[in-house]
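Each chain, letter by letter, is given below.
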Amino acid sequence: PSPFTFRKLAGCTLFITGASRGIGKAIALKAAKDGANIVIAAKTAEPHPTLPGTIYTAAAEIEAAGGKALPCIVNVREEQQIIHAVEKAVKTFGGIDILVNNASAISLTGTLETETKKVNLMMDVNVRGTYLTSKTCLPYLRKSRNPHILNLSPPMNLNPMWFKNHCAYTISKYGMSMCVLGMAEEFRGEVAVNALWPKTAIHTAAMDMLGGSGIEKQCRKTDILADAAYCILTKPKSFTGNFIIDEVLLREEGIKDFDVYAIAPG
């Protein structure tokens, strides 16, 4: 049977940062179809001038897909907001089973072009935000039957080509990957900690802003990451410390048709 036949995440509580749109929301909707509880920990409460969706519109979509939603205003730069949302999640759903560290800031700029405030934003959101959210959720994750932390971050490749055009961004995303490296070992046998990264560009509102018009033709849909995340989060907690590329995992799971994920056919 297909890995998606059984409602494996029914009744599980997922705490997803940056789940009001894009990849975070796609992962939320995939879990919602199983009847999961989703904590939407994101900062967009009022409609954004250029980006679609708020925590409340995402909550409505999650409920419509068959899940339960708890929208929480969380800027992961603010530790108190993280703590408050985690406490609210535990009070509402009785615990936390899965943490998805998806919230990220991006500036694909060279060293001289990257303003200090952008450097601070990327380090605060990507590294510190991931670290603090993990730290806050871990006491509750340890009580779950099959707990997972999943960071949306790349395999660590020290080839200089990944650094030369956007050094600050790469450092910040590798910081998330180092959280996987360290926490997977620290909590081995208790909590699974893995990283997921796309093989191709993924079409999101952020990608439109970065790439400009027509960029979507080079992208895949967020569904590919949602499907890959679902495969990871339904594995036993012994599956830990892995740096996973979406397509590689899905091929191993028996998926052969990747055209369904393309924005532009072919």
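Residues numbered from 1 in each chain as written. Predicted model: local features only at pLDDT ≥ 70, side-chain atom pairs only at ≥ 80, totals over all residues. Heavy atoms only, no water.

Counting 40 residues, the largest nonpolar core has Leu14, Ile16, Ile38, Ile40, Ile62, Leu196 and Leu250 as its most contacted members. At the level of elements, strand S1 (13-17), helix H1 (22-32), strand S2 (37-42), helix H2 (55-64), strand S4 (98-101), strand S5 (148-152), helix H8 (223-233) and helix H9 (246-252) are the ones that each hand at least two residues to this core. Per-element tally for this core: the top contributor is H8, with eight residues. With near-sequence residues (within four places) excluded, Ile62 lies in contact with Ala28, Leu29, Ala32, Ile38, Ile40, Gly67, Lys68 and Ala69. Grouped together as the second largest cluster of nonpolar side chains are 34 residues, Val39, Leu99, Cys179 and Phe187 included. (Core = buried A, V, L, I, M, F, W, Y, C linked by side-chain atoms within 4.5 Å. Buried < 20%, exposed > 50% of the residue type's maximum accessible area, 1.4 Å probe, protein only. Helix = DSSP H or I, 4+ residues; strand = E, 2+ residues; numbered from the N terminus. Contact = heavy atoms within 4.5 Å.)

Here we take up helix H4 (residues 116-141). Because each turn of an α-helix spans 3.6 residues, side chains separated by three or four positions in sequence point in the same direction. Look at H4: 35 Å from first C-alpha to last across 26 residues, which is about the 38 Å you get at 1.5 Å a residue. Along H4, the largest kink reaches about 40° and is centred on Gly129. Listed as buried for H4 are Met122, Val125, Asn126, Gly129, Thr130, Leu132, Thr133, Ser134, Thr136, Cys137, Leu138 and Leu141. Summarising the contacts, the buried residues of H4 are in contact with S1, helix H3 (79-93), S4, S5 and helix H6 (167-186). (Expected span 1.5 Å × (residues − 1). Bend = angle between axes of the 7 residues up to and from the residue.)

Taken in spatial order, the seven strands make up an open sheet running S3-S2-S1-S4-S5-S6-S9, and their pairing is parallel. Each edge of the open sheet carries a strand with a single partner, namely strand S3 (68-73) and strand S9 (243-245). If you compare each strand with its neighbour and ignore which way they point, the axes differ by 20° on average. Bridge count for S4 against S5 is four bridges, and the pairing is parallel. Counted as the bridge partner of Val100 is Leu150 from S5. (Pairing = 2+ DSSP bridges. Axes fitted to C-alpha atoms, helices over the stretch in contact; angles between N-to-C directions.)

The next point concerns the pattern of salt bridges. Using the criterion set out here, one finds eight salt bridges in the structure. One salt bridge in this structure joins Glu190 and Arg142, with 2.9 Å as the shortest N-O distance. Of this pair, Glu190 sits in the loop between H6 and strand S6 (192-197) while Arg142 sits in the loop between H4 and S5; the two residues are 48 residues apart in sequence, bridging distant segments of the chain. Residue Arg142 is classed as partly exposed on the basis of its relative accessible area of 45%. Put simply, Arg251 and Glu247 hold a salt bridge, and the shortest N to O gap is 2.9 Å. Of this pair, Arg251 and Glu247 both sit in helix H9, four residues apart, roughly one helical turn. Assessed through its relative accessible area of 46%, Arg251 is described here as partly exposed. Within this structure, Arg220, Glu247 and Arg251 form a network of salt bridges that share partners. (Salt bridge = Lys/Arg side-chain N within 4 Å of Asp/Glu carboxyl O.)

Moving on to a nonpolar patch on the surface. On the surface, Ile106, Leu108 and Leu210 cluster together into a nonpolar patch covering about 230 Å² of accessible area. The topology assignment puts Leu210 in helix H7 (residues 205-211). According to the relative accessible area criterion, Leu210 is partly exposed, its value standing at 40%. (Patch = residues over 30% accessible without salt bridge, like charges linked within 9 Å, V, L, I, M, F, W, Y side chains within 5 Å. Areas by Shrake-Rupley, 256 points an atom, 1.4 Å probe, with all protein chains shown as cover.)

You can see Val193 is positioned in strand S6. Taking C-alpha positions, Val193 is 20 Å from Ile224, a pair spaced 31 residues apart along the chain. Leaving out residues up to four positions away in the same chain, Val193 has contacts with Ile149, Val180, Met183, Ala184, Thr240, Gly241 and Asn242.

The interhelical angle for the contact between H4 and H6, taken along N-to-C directions, is 15°, at an axis separation of 7 Å. Taken together, the axes of H4 and H6 lie roughly parallel to each other. You can see that H4 and H6 cross each other, and the crossing is right-handed. Packed against H4, whose contacting residues are Val119, Met122, Met123, Asn126, Val127, Thr130, Tyr131, Ser134 and Leu138, the element H6 presents Ala168, Tyr169, Ile171, Ser172, Lys173, Gly175, Met176, Cys179 and Met183 at the interface. Among the residues making up the contact of H4 with H6, the classes are represented as 12 nonpolar, five polar and one charged. (Parallel < 35°, antiparallel > 145°, perpendicular 65-115°, else oblique. Left-handed = near helix turned anticlockwise from the far one by under 90°. Nonpolar A, V, L, I, M, F, W, Y, C, P; charged D, E, K, R; others polar.)

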